[in-house]
Amino acid sequence: MSVNAAHWDDDRGGAFTRAMEQDGLPFPRRFWAIIAISFGTALLVLDGAIANVALPTIARELGVNDGVVTNVVTVYQLVLVMVLLPFASVGDRIGHRRLYQIGQALFLVTSGLCFFASNLPILLVLRAGQALGAGMALSVSSAMLRQIYPAKSLGSGLGINSVIVASSSALAPTLGGYIVANMSWEWVFMAAAPLAVISLILGRALPDPVRRPLNPEWLSGVWSAVTMLLVIGGLQVATHGASHWPGTALCLLGVASAVMLVHRESRRSNPVVPVDLIRQPVIGLSALAAVTCFISSGALMLALPFRLEQTMGYSPDQVGLLLLPFPLTMLIIAPFAGWLSDRIAPTKLGVTGMGIAIVALFLMVIMPAQPGAFGIGWRLSLAALGFGLFFAPNSRLLIGRAPKDRAAAAGGLLSTSRLLGQTMAAVVVGILLSAGMGVGSTPLIIAAVLAIVAAGCSLARFRNARFARATGPQ
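This one's a predicted model, so the numbers in the text were calculated from it and none came from an experiment.

Q: Got a minute to help me understand the overall build of the chain in this structure?
A: Summing up its helical and strand segments, the chain has 19 helices and zero strands in all. By the compact-globule yardstick of 23 Å for 474 residues, the chain fits well, its C-alpha radius of gyration being 22 Å. In terms of principal-axis extent, the alpha carbons of the chain reach across some 75 × 60 × 50 Å. Across the 474 residues that make up the chain, the buried fraction comes to 53%. Sequence-distant contacts, at least 24 apart, represent 83% of the contacts inside the chain between residues at least 6 apart. Both charge centroids of the chain, one from 31 positive and one from 18 negative side chains, sit 9 Å from each other.

This is the structure we're talking about:
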C-alpha cells in the first residue's frame, strides 16, 4: 500500500472513530434530521402497503388474473428482504447518509417510471427497482437514528419511528383506495414520491457520511441475497403454488445455504450476516423475540378479517373499521413505550407487554360468536397495548447494545427480523386457510404461543445478562 493510501485509510478510520464518539446531533440540526428520516421512513412503509388495494384494478387493466397480479406486492417484499443485510455492509463502506440518499433517489426515479408501465413484466421490474432503493435506505436508517439521538433518548427516537411506521401502514389502504377510485392506478406508485423529495431536500441535516476502511464483500452480499431468495421465495411458492413440493425444496435448499453462509461469516471480523452480533445473547435473543412477535401480531391482523367476515357476517368496509383500534392504540402506545424504555429496564416492559398480549389473544380465542363492535375493539386495543409495550424496548436493546461501528449491521438485522416475521405470518395464515383452519381460533392460539416464545426470549436474555454480571470480574 502506498504512503498516500495508508494516510487516506488513517484519515477515514479517524473520521469514523470521531463520528462514532458523538452522542447525538446538536439542535436545531437534530430536529431537521428527525423530520428528514421520518419522511424517509414514511415513504418506504407507505409504498410497501399501498399497492394492496389497487391489485384488482391493476389485474383488470393489464389483463392478468388475480393470482398473478399479487406478484406486484410479493416482488417488492422479496427484493427488500434480500438486500437489507448486504446494503448495511455497503453503507459502512461508503457512508450511511450517502447510501440512504442514493436509495431515495433510485426510489424516486423508479416511482416516476411506474407511471409509464404498460404491462405487468415492466411493472414488476420497476417494483423491484423501488424495493432496491427502499432497501438501501432502510438498511442504514436505524444506524442513523442512533447517531441522531443521544444514547439517553434512543428509546424515544425508536418510539417516534414506530409511530411513523404504524401511521403510514394505517394510512396506506385509505390513500390507495382514494387514488384508485378517483385517478388511474399508476398514481398509486407515485403517492410516496413527494415524501422522497422532501426527505432529500432536508437530507443535509442527517449525520455526515463517514466511510469505514473496509474491503468490499461481494461474495457474502450476493450469497446472503440468494439465500433469502431461496428461503422466502420457497415459502411463497409452497404457500401459493399448485403443489407444495417445489417451494419446500427451494426453502430447504435456502436453509442449507444459510448454514454454510453462517459458517463462512463466523470466521470474519466484519461479516455481512451479523453472526458476531447474533452470538451476543442480548442481541440474538432480541432478534429472535422480534421475529416471533412480528409473526404473532401479523397472524392476528391477517387472520382476524376472515373470521369477522366469514363467521360473524361483517361486510369488508365494516371489517376495516373494526380493525382500527389496533393501529390507533399502537399510535399512542409506541412513543410512550419508547420514552419509558429510556427510564425503565426494557426487559421489564417487554415481558409485561407480552403478558398483556397473551391475555388479549386468549380472550379473542374465547370471544363470543357475536361479541359486537365494542367487544372486538377493546380486545384489539388490549393486544395492541401489549405488542406496543414490547416492540420499541426490544428494538432499543437490539440497536443500543450493538457496538457503534456495527450499528448498521444491527439495524439491518432488526429490519430483516421485522420483514421475516411479517412474511412468516402470511405463510402461516395461508397454510391454515388452505387447510380449512384459518377462520376459527387456531391462528389466535398460534399467535398466543408465539407471544409466549417472545416473552421467554426476553426472560432468557435478562437471566443471561444477570448471570454475566454476577460472574464477571470483581
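Now that the structure has been shown, we can carry on.
Q: Help me out: how do you make sense of the packing of helix α5 (residues 71–94) against helix α7 (residues 120–148) in this one?
A: A pair of packed helices is captured by two measures, namely the crossing angle of their axes and the spacing between those axes. At their nearest, the axes of α5 and α7 sit 7 Å apart, and the two run at 35 degrees to each other. Handedness of the crossing formed by α5 with α7: right-handed. For the contact of α5 with α7, the per-class residue count stands at 20 nonpolar, five polar and one charged.

Q: Teacher, can you tell me more about the nonpolar core here?
A: Proteins that are soluble and globular tend to have nonpolar side chains buried together. Ranked by internal contacts, the top residues of the largest apolar core, which has 82 residues, are Val 72, Leu 123, Ile 148, Phe 189, Leu 206 and Leu 398. It is α7 that provides the largest number of residues to this core, a total of 14 residues. Leaving out residues up to four positions away in the same chain, Ile 148 has contacts with Gly 24, Leu 25, Arg 30, Ala 33, Ile 34, Ile 37, Leu 206 and Pro 207. In terms of nonpolar packing, the next biggest core, distinct from the first, is built from 37 residues, Phe 294, Phe 326, Leu 361 and Ala 455 among them.

Q: Looking at this structure, I do not really get α5. What am I missing?
A: Owing to its 3.6 residues per turn, the α-helix brings residues three or four apart onto one side. Helix length check: α5, at 24 residues, gives a terminal C-alpha distance of 32 Å against a target of 34 Å (1.5 Å per residue), a fit within 8%. At Leu 84, α5 shows its maximal kink, close to 40 degrees; a proline, Pro 86, follows between one and four residues later. Counting buried positions over the 24 residues of α5 gives 20, a clear majority of the element. Looking one or two places after α5, you find Gly 95, whose phi comes out positive at around 105 degrees.

Q: Please clarify how the packing of helix α8 (residues 154–182) against helix α17 (residues 372–400) should be interpreted in this entry.
A: For the pair α8 and α17, interaxial distance at closest approach is 9 Å and the crossing angle is 125 degrees. It follows that α8 is oblique to α17 by the angle criterion. Both α8 and α17 take part in a crossing whose hand is right-handed. Contacts between α8 and α17 involve Leu 154, Gly 155, Leu 158 and Gly 159 on the former and, on the latter, Ala 392, Ser 395, Arg 396, Ile 399 and Gly 400. For the contact of α8 with α17, the residue count by class is four nonpolar, four polar and one charged.

Cut-offs used in this document
- Residues numbered from 1 in each chain as written.
- Predicted model: local features only at pLDDT ≥ 70, side-chain atom pairs only at ≥ 80, totals over all residues.
- Heavy atoms only, no water.
- Helix = DSSP H or I, 4+ residues; strand = E, 2+ residues; numbered from the N terminus.
- Rg over C-alpha atoms; globule rule 2.2 N^0.38 Å.
- Buried < 20%, exposed > 50% of the residue type's maximum accessible area, 1.4 Å probe, protein only.
- Contact = heavy atoms within 4.5 Å.
- Lys, Arg positive; Asp, Glu negative; His and termini not counted.
- Charge placed at Lys NZ, Arg CZ, Asp CG, Glu CD.
- Axes fitted to C-alpha atoms, helices over the stretch in contact; angles between N-to-C directions.
- Left-handed = near helix turned anticlockwise from the far one by under 90°.
- Nonpolar A, V, L, I, M, F, W, Y, C, P; charged D, E, K, R; others polar.
- Core = buried A, V, L, I, M, F, W, Y, C linked by side-chain atoms within 4.5 Å.
- Expected span 1.5 Å × (residues − 1).
- Bend = angle between axes of the 7 residues up to and from the residue.
- Parallel < 35°, antiparallel > 145°, perpendicular 65-115°, else oblique.

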